[in-house]
Amino acid sequence: MSEASLLASQLWSQMPRVGGTRTRRRRKAKGDAKKRRLSDEQVRFLEMSFSDERKLASGRKAHLAAAIGLDGKQVAVWFQNRRARHKNKQLEEAYLKLKLEHEAVVIEKCHLENEVLQLKEKLLEAEEEIRKLSWSVNGGNLGSSFSTVGLQPTLGEFGMEEEAELAITDEYDFHNYTMEWTNPYGI
DNA sequence: CTTCCCTAATCC
DNA sequence: GGATTAGGGAAG
């Protein structure tokens, strides 16, 4: 508190240039005394208080204001702006984290898709093998009992070709989505 | 009342 | 040009 008076020596360091330069007040020229930077000491006090509690009870506001020689309103405004800054920082961190997670998932998806392709290939090979074996076991013309419920209907039921097309379509959409997602603010 | 949001004004 | 201080309005 005693420091406050010492700090107060350089409070309103600058006043708006009323003289030569243009000083349009925003919408209202309420009197003619506003704005200017807070001193380092004031900011340090405010930062300490903010780390204690990011919202202001009116009692603390008045106390703080008196301690560093500011309006209660200025303290309130400072806290609001500080909260906004903090929120933006958090948001950006969350975004970065999400982006990393997303990239990891994209990679995993890619691996899984490759795995699916390989498995499908193996499936085809295995079916080919079965066909050969059944042919050699049953002979050429006895295969009818097997072939009526044979492999082609099975393929049809599982919808292999349609699945493949869908997979390609999915991947296309997904990549478009990825590009937009990694660039939400155009940065 | 207070807080949030948008954004103008200002400083560096 | 980004960071900071403020004004004004909406929402609670």
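As the structure is a computational prediction, the values presented were derived from the model and not from experiment.

**Here's the deal with the overall build of chain A**
For step 1, the next point in the chain: Broken down by element type, chain A carries 7 helices and 0 strands.
For step 2, the next point in the chain: Helices and strands in chain A line up, N terminus first, as α-α-α-α-α-α-α.
For step 3, the next point in the chain: Within chain A, buried positions represent 18% of all 187 residues.
For step 4, the next point in the chain: Sequence-distant contacts, at least 24 apart, represent 63% of the contacts inside chain A between residues at least 6 apart.
For step 5, the next point in the chain: For chain A, the exposed area adds up to about 15,200 Å²; of that, 57% sits on carbon and sulfur atoms.

**So, helix α4 (residues 72-138)**
For step 1, the next point in the chain: Here α4 is 67 residues long and its end C-alpha atoms lie 96 Å apart, about the 99 Å a rise of 1.5 Å per residue gives.
For step 2, the next point in the chain: Taken as a whole, α4 has its buried residues at Val75, Trp78, Phe79, Arg82, His86, Tyr95, His102, Val106, Lys120, Glu127 and Ser134.
For step 3, the next point in the chain: The positive-phi residue at the C-terminal boundary of α4 is Gly139, with phi of around 80 degrees.

**Focus on the pattern of salt bridges**
For step 1, the next point in the chain: Counted according to the given criterion, the structure contains 3 salt bridges.
For step 2, the next point in the chain: Here Arg82 and Glu47 are joined by a salt bridge, their closest N and O atoms 3.1 Å apart. Here Glu47 lies in helix α2 (residues 40-52) and Arg82 lies in helix α4, a separation of 35 residues in the sequence.
For step 3, the next point in the chain: Between Arg131 and Glu128 there is a salt bridge, with its nearest N and O atoms 2.6 Å apart. Linking Arg131 with Glu128, this pair stays in helix α4, spanning 3 residues, or about one helical turn.
For step 4, the next point in the chain: Judged by its relative accessible area of 35%, Arg131 falls in the partly exposed class.

**Considerations on the packing of α2 against helix α3 (residues 58-68)**
For step 1, the next point in the chain: Packing of α2 against α3 brings their axes to within 10 Å, and their N-to-C directions diverge by 160 degrees. By the criterion of interaxial angle, the relationship of α2 to α3 is roughly antiparallel. Seen along the crossing, α2 lies across α3 with a hand that is right-handed. Contact residues: α2 offers Gln42, Phe45, Leu46, Ser49 and Asp52, while α3 offers Arg60, Leu64 and Ile68.
For step 2, the next point in the chain: Class assignment for the residues of the contact of α2 with α3 results in 4 nonpolar, 2 polar and 2 charged.

**A short note on the packing of aromatic side chains**
For step 1, the next point in the chain: Applying the stated criterion across every chain yields a total of 3 aromatic pairs.
For step 2, the next point in the chain: Centroid distance Phe50 to Trp78: 6.3 Å. Interplanar angle 85 degrees. Geometry classified as edge-to-face. Placement of the pair is Phe50 in helix α2 and Trp78 in helix α4, with a sequence separation of 28 residues.
For step 3, the next point in the chain: Look at Phe50 and you get buried, because its relative accessible area is 8%.
For step 4, the next point in the chain: Trp78 gets classed as buried once you look at its relative accessible area, which sits at 10%.
For step 5, the next point in the chain: Members of the aromatic cluster, joined through ring pairs, are Phe50, Trp78 and Phe79.

**Section: the packing of α3 against α4**
For step 1, the next point in the chain: Where α3 meets α4, the closest approach of the two axes is 8 Å, and the angle between their N-to-C directions is 110 degrees. It follows that α3 is roughly perpendicular to α4 by the angle criterion. Here Arg60, Lys61, Leu64 and Ala65 of α3 lie close against α4, whose contacting residues are Gly72, Val75, Ala76 and Phe79.
For step 2, the next point in the chain: Split by residue class, the contact of α3 with α4 holds 5 nonpolar, 1 polar and 2 charged.

**Re the confidence of the model for chain A**
Caution applies to low-pLDDT regions: their predicted coordinates should not be interpreted in detail.
For step 1, the next point in the chain: Within chain A, residue pLDDT values average 73, and 56% of them lie at 70 or more.
For step 2, the next point in the chain: Low pLDDT, under 50, characterises residues 28-32; the stretch is placed with 1 contact to residues that sit more than four places away or in other chains.

**As for the nonpolar core**
For step 1, the next point in the chain: Membership of the largest hydrophobic core is limited to 10 residues, which are Leu46, Phe50, Leu64, Ala65, Ala67, Ile68, Leu70, Val75, Trp78 and Phe79.
For step 2, the next point in the chain: Among the elements of the structure, α2, α3 and α4 are those that each provide at least two residues to this core.
For step 3, the next point in the chain: If one sorts the elements of this core by residue count, α3 sits on top with 4 residues.

Thresholds applied
- Every chain is numbered independently, its residues counted from 1 as its sequence is written.
- Lettering of chains starts at A and numbering of ligands starts at 1, both following the order in which they are written.
- Per-residue local features are limited, in this predicted model, to residues with pLDDT of at least 70; the limit for side-chain atom pairs, both in listing and counting, is 80 or more; totals at the level of whole chains, interfaces and linings are taken over all residues.
- Computation of side-chain values: all heavy atoms of the structure, hydrogens and water removed.
- Only DSSP runs of H or I with at least four residues qualify as helices, and only runs of E with at least two residues qualify as strands; both kinds are numbered from the N terminus onward.
- Relative accessibility under 20% of the residue-type maximum defines a buried residue, over 50% an exposed one, and the middle range a partly exposed one, all with a 1.4 Å probe and only protein chains included.
- Here a residue-residue contact requires only that any non-hydrogen atoms of the pair lie within 4.5 Å.
- Residue-level accessible areas treat just the shown protein chains as cover; the underlying method is Shrake-Rupley with a 1.4 Å probe.
- The span expected for a helix works out to 1.5 Å for each residue beyond the first.
- One speaks of a salt bridge when a side-chain nitrogen belonging to Lys or Arg is within 4 Å of a carboxyl oxygen belonging to Asp or Glu.
- All axes are obtained by fitting lines to C-alpha atoms, using only the stretch in contact for helices, and the reported angles, taken between N-to-C directions, cover 0 to 180 degrees.
- Between 65 and 115 degrees an angle is taken as roughly perpendicular, under 35 as roughly parallel, over 145 as roughly antiparallel, and anywhere else as oblique.
- Here a crossing is called left-handed whenever its near helix is offset anticlockwise from the far helix by less than a right angle, and right-handed whenever the offset is clockwise.
- Ten residues, namely Ala, Val, Leu, Ile, Met, Phe, Trp, Tyr, Cys and Pro, are considered nonpolar, four, namely Asp, Glu, Lys and Arg, are considered charged, and the remaining ones, Gly among them, are considered polar.
- Pairing of aromatic rings covers Phe, Tyr and the six-membered ring of Trp, with a centre-to-centre limit of 6.5 Å; geometry is then stacked below 30 degrees between planes, edge-to-face above 60, and tilted otherwise.
- Residue-level confidence of the predictor is what pLDDT reports, using numbers from 0 through 100.
- Throughout this description, the term nonpolar core refers to a set of buried Ala, Val, Leu, Ile, Met, Phe, Trp, Tyr and Cys residues connected via side-chain atoms within 4.5 Å.

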